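Residues per chain, in single letters:
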Amino acid sequence: MGKKDIAEKNLEAWNDVFADIVNVLLFKGKRLMKEKDLEADTKDSIIKADGEIHEQERDVSKFWKNGEIRISILGFENQTVQDYNMPLRVISYDGASYKQELLDKKLTQKYPVATLVLYFGIDSKWKAPKKLHDCFKIPDELKPFVSDYKINVFDIAWLSDETIDMFKSDFKFVAKYFQTKRKNKEYRPTNDEIVHVDSLLKMFTALTGDNYFETVYNDSNLKNKKDLL
């Protein structure tokens, strides 16, 4: 696994951040998902193709539980560039999760699977396919018999101020930064406390390719300390 992949996943793997992202993007800010109800999904799915075994792994995925009962599994896929095969990737991840449910003899209750694609591009909103049908040229006669499959894409840089203000975790810094960059404005850090400092800085470096946010954050902290003297 590459360092960039690890850094991207590091922040979102925290339960408070994961729950916050789901609550804002899926539930419009309602705190329906609690961090205490999340359990890490540690199983990687295995597929066989071209006579070889391949491992496929979501960027981040967690079980949402009600007590000891799993009620859902949710996964994140981080994208800094548009992937025209994204519906194919998502359906393979979701299908692999359902396959694991079928193979789990101890499972007493099946649960649904949902994947969120978090797109961090600033040049344009997501224009790549959001539905499986859009990945192919399907003859009209065949189209009614080919099941479609839509993916859930969220353009982080295009989130409104109202939506960004709903975030309570460190992800609000990520969303605000990309919104600011998309508007071609200079990012100015706030005095809000960062909980997972190391994870946040590593994610910014991974997503942007530079340490600009870390420099701004350190400079701001230094100024604040001087002001207190």
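Attention now moves to the sheet that holds strand β1 (residues 38-40). Ordered in space as β1-β4-β5-β6-β7, the five strands form an open sheet in which the pairing is mixed. Pairing within the sheet leaves two strands with one partner each, and these edge strands are β1 and β7 (152-155). Between one strand and the next, the sheet's axes are offset by a mean angle of 30°, whatever the strand orientation. As judged from the three bridges shared by β1 and strand β4 (residues 60-66), these two strands associate in the antiparallel manner.

Bringing the packing of helix α5 (residues 171-182) against helix α6 (residues 197-208) into the picture now. Here α5 crosses α6 at 30°, and the two axes come no closer than 11 Å. Considering the angle they form, α5 stands roughly parallel to α6. In this structure, α5 crosses over α6, and the sense of that crossing is right-handed. Facing α5, whose interface residues are Phe-173, Val-174, Tyr-177 and Phe-178, α6 presents Leu-200, Met-203, Phe-204, Leu-207 and Thr-208. Looking at the contact of α5 with α6 residue by residue, the class counts come to eight nonpolar, one polar and no charged.

This part is about the side chain of Thr-115. Among the structural elements, Thr-115 can be located in strand β6 (residues 113-119). A polar contact of 2.4 Å, which involves the side chain of Thr-115, links it to the side chain of Arg-58. Leaving out residues up to four positions away in the same chain, Thr-115 has contacts with Arg-58, Gly-75, Glu-77, Val-90, Asp-94 and Asn-152.

Right, let's get into the pairing of β6. β6 sits mainly inside the fold: six of its seven residues count as buried. Alignment of strand β5 (residues 69-79) against β6, held across seven bridges, turns out to be parallel. In the strand pairing of β6, Asn-78 is matched with Leu-118. Handedness of the β-α-β unit built from β5, helix α3 (residues 86-103) and β6 comes out right-handed. In the sheet, β6 pairs with β7 via four bridges, with the strands oriented parallel. Across the sheet, the residue bridging to Tyr-119 is Asp-155, located in β7.

Calculation notes
Residues numbered from 1 in each chain as written. Predicted model: local features only at pLDDT ≥ 70, side-chain atom pairs only at ≥ 80, totals over all residues. Heavy atoms only, no water. Pairing = 2+ DSSP bridges. Helix = DSSP H or I, 4+ residues; strand = E, 2+ residues; numbered from the N terminus. Axes fitted to C-alpha atoms, helices over the stretch in contact; angles between N-to-C directions. Parallel < 35°, antiparallel > 145°, perpendicular 65-115°, else oblique. Left-handed = near helix turned anticlockwise from the far one by under 90°. Contact = heavy atoms within 4.5 Å. Nonpolar A, V, L, I, M, F, W, Y, C, P; charged D, E, K, R; others polar. Polar contact = N/O pair within 3.5 Å; in protein donor to acceptor, adjacent residues only side chain to side chain. Buried < 20%, exposed > 50% of the residue type's maximum accessible area, 1.4 Å probe, protein only. Right-handed = clockwise from strand over helix to strand, strands pointing away.

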